[in-house]
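Listed below are the residues making up each chain.
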Amino acid sequence: MDTANSTADRDLRQRDLVPPTRLAGCGGLIVGVGAIGRQVALQLAAMGIPQLTLVDHDVVDVVNLAPQGYTPSDLGQAKVEATAHGCRQLNPELVVQTAAEKFRRSAVRSWLGTRRLAVFCCVDSITARKLVWEGVRDHAVFFADARMSGEVIRVLASARPSTDSYYPTTLFAQDQAYAGACTSKSTIYTASIAAGLMLGQFTRWLRELPVERDMMLNLFASELSVT
């Protein structure tokens, strides 16, 4: 069987929601492939994005299995490599670049390709978010950041990162951050929803629809707010 021909219609049922031509022109950069970032990568791979770059210095530990969706065979591996393997299984045509290192602004140019850059910031501190934002804002056409604590999710998105004046106002001092790092209380269902909200904003951008700049979802209270 010709694999290329057999999967030509893999996106048939999503084309009205995910414009294939616009998606084909994009490359994704995911910084942090823990709970949320891994789900973002797998969803983008299934969706059909042609190129991904994964950045994370961490390795898979046993405490990552339940909330982050890694498998026992991934233990001890770099998270970027384990996630890349999962992405390729979903879409063998996907080109995945991995960087098993902390995010560095000086490395951004080496990750840029010929496609428009969509950045998904999935790190766990305000300091790291600020570093990512400052490193990519002049290169990205779309930017999304997800923050999670327990069953509370906040997703911020920008359709014009280079001129966005709102997102920087959310980069408050680390000592003013919401109590509890996003890795201290997390579940795979919350991470999956956070990833879905990020991709929902990305597909709105693909369809040239307005992007919601700030969404807060409290699963426990069943409350959604949009700023």
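To be clear, the structure that these remarks concern was listed above.
Fair warning: this is a prediction, and the values are worked out from it, not measured in the lab. Numbering of residues starts from 1 in each chain and follows the order in which that chain's sequence is written. Reporting in this predicted model follows two pLDDT cut-offs: at least 70 for local features of residues, and 80 or more for side-chain atom pairs to be given and counted; totals over whole chains, interfaces and linings ignore these cut-offs and use all residues. To get the side-chain values, take all heavy atoms of the structure and skip hydrogens and water.

Peer 1: What should I look at first to understand the sheet that holds strand E6 (residues 152-158) in this one?
Peer 2: Strand pairing in a sheet relies on backbone hydrogen bonds. The paired strands run either parallel or antiparallel. Note on pairing: two strands pair once DSSP finds at least 2 bridges between them. Working definition: helices are DSSP H or I runs of at least four residues, strands are E runs of at least two. Numbering for both runs from the N terminus. Reading across from one edge, E3-E2-E1-E4-E5-E6-E7-E8 is the order of the 8 strands in this open sheet, with mixed pairing throughout. The sheet is open, and its two borders are formed by strand E3 (95-99) and strand E8 (223-226), each paired with just one other strand. Direction aside, the axes of adjacent strands within the sheet are offset by 15° on average. Of the pairings in the sheet, the one linking E6 to strand E7 (residues 214-218) comprises 5 bridges and is antiparallel in character. Bridge pairing links Ile153 to Leu217 in E7. What makes two residues a contact is simply this: any of their non-hydrogen atoms within 4.5 Å. Here, axes are lines fitted to C-alpha atoms. For helices the fit covers the stretch in contact, and angles between N-to-C directions go from 0 to 180 degrees. Helix-sheet contacts for helix H5 (residues 79-90) involve strand E2 (51-55) and E3, and the interaxial angle to E3 is about 175°.

Peer 1: Could you clarify how one ought to interpret helix H7 (residues 126-136) in this entry?
Peer 2: Each full turn of the α-helix corresponds to 3.6 residues, which orients residues three or four apart in the same direction. Turning to H7, its buried residues are Ile126, Arg129, Val132, Trp133, Gly135 and Val136. Residues of H7 that are buried make contact with strand E1 (26-31), helix H6 (108-111), strand E4 (116-121) and strand E5 (140-149). Type-normalised accessible area, obtained with a 1.4 Å probe on protein chains alone, sets the label of each residue: buried when under 20%, exposed when over 50%, and partly exposed for intermediate values.

Peer 1: Even after reading the chapter, I still don't get the packing of aromatic side chains, so can you show me in this structure?
Peer 2: Ring pairs (aromatic) are described by centroid distance and by the angle formed between their planes. Any pair of Phe, Tyr and Trp rings, taking the six-membered ring for Trp, is counted once the centres come within 6.5 Å. Such a pair is stacked with planes under 30 degrees apart, edge-to-face with planes over 60 apart, and tilted for the rest. Evaluated as defined, the whole model comprises 9 aromatic pairs. Summarising the aromatic geometry, the rings of Phe120 and Phe202 are spaced 5.6 Å apart at their centres and angled 80° between planes, so their arrangement reads as edge-to-face. Pair noted here: Phe120 is in strand E4 and Phe202 is in helix H8 (residues 188-206), with a separation of 82 residues, a long-range link. A residue is classified by how much of its surface remains accessible, and Phe120, at 0% relative accessible area, is buried.

Peer 1: For this particular structure, what's the right way to read the packing of helix H3 (residues 35-47) against H8?
Peer 2: Axis angle and axis distance: for two packed helices, these are the angle between their axes and the distance between the axes, and together they describe the pair. For the pair H3 and H8, interaxial distance at closest approach is 8 Å and the crossing angle is 50°. Judged by the inter-axis angle, H3 sits oblique to H8. For the pair H3 and H8, the crossing hand works out as right-handed. Listed contacts from H8 to Ala35, Ile36, Gln39, Val40, Gln43, Leu44 and Met47 of H3 are Ile188, Ala191, Ser192, Ala194, Ala195, Gly196, Met198, Leu199, Phe202 and Thr203. When the residues that make up the contact of H3 with H8 are grouped by side-chain class, the tally is 12 nonpolar, 5 polar and no charged. Should an angle lie under 35 degrees it is considered roughly parallel, over 145 roughly antiparallel, and from 65 to 115 roughly perpendicular; all remaining angles are considered oblique. Working rule for handedness: look at the near helix, and if it is turned counterclockwise from the far one by less than a right angle, call the crossing left-handed; if clockwise, right-handed. All residues other than Ala, Val, Leu, Ile, Met, Phe, Trp, Tyr, Cys, Pro, Asp, Glu, Lys and Arg, Gly among them, are scored as polar; the first ten of these are nonpolar and the last four charged.

Peer 1: Please clarify how the layout of surface pockets should be interpreted in this entry.
Peer 2: Empty space among the atoms becomes apparent when a probe as large as a water molecule is rolled across them. Grid points spaced at 1 Å over the protein atoms alone were grouped into cavities, where a 1.4 Å probe fits but cannot get out, and pockets, open sets with protein on both sides within 12 Å along at least five of seven lines, with lining residues defined by an atom within 4 Å of a point. Grid points are joined across faces, edges and corners, and a volume is the space filled by probe spheres set on the points. Approximately 540 Å³ is the volume attributed to the largest pocket. Looking at the largest pocket, it is lined by 30 residues, and the ones nearest its centre are Gly32, Asp56, His57, Val123 and Asp124. For the lining of the largest pocket, the secondary-structure elements that each account for two or more residues are H3, H7 and E5. No other element matches H7, which puts 3 residues into the lining of the largest pocket. Class assignment of the residues belonging to the lining of the largest pocket gives a composition of 16 nonpolar, 7 polar and 7 charged.

Peer 1: Is there a simple way to explain the pairing of E7 in this structure?
Peer 2: Pairing of E7 with E8 involves 4 bridges; the strand directions are antiparallel. The residue bridging Met215 from the neighbouring strand is Val226, located in E8. Between E7 and E8, which pair antiparallel in sequence order, lie 4 residues; one of them, Ser222, sits at a positive phi of approximately 55°.

Peer 1: I would appreciate a short explanation of a nonpolar patch on the surface in the present structure.
Peer 2: To count toward a patch, a residue needs a relative accessible area over 30% and no salt bridge; like charges are then connected within 9 Å, while nonpolar side chains (Val, Leu, Ile, Met, Phe, Trp, Tyr) are connected within 5 Å. Calculation of accessible area relied on Shrake-Rupley with a 1.4 Å probe; when residues are assessed, cover is drawn exclusively from the protein chains displayed. We count a salt bridge whenever a side-chain nitrogen from Lys or Arg sits within 4 Å of a carboxyl oxygen from Asp or Glu. Together, Val62, Val63 and Leu75 make up a nonpolar patch on the protein surface, roughly 270 Å² of accessible area in all. Relative to the elements of secondary structure, Leu75 occurs in the loop between helix H4 (65-68) and H5.

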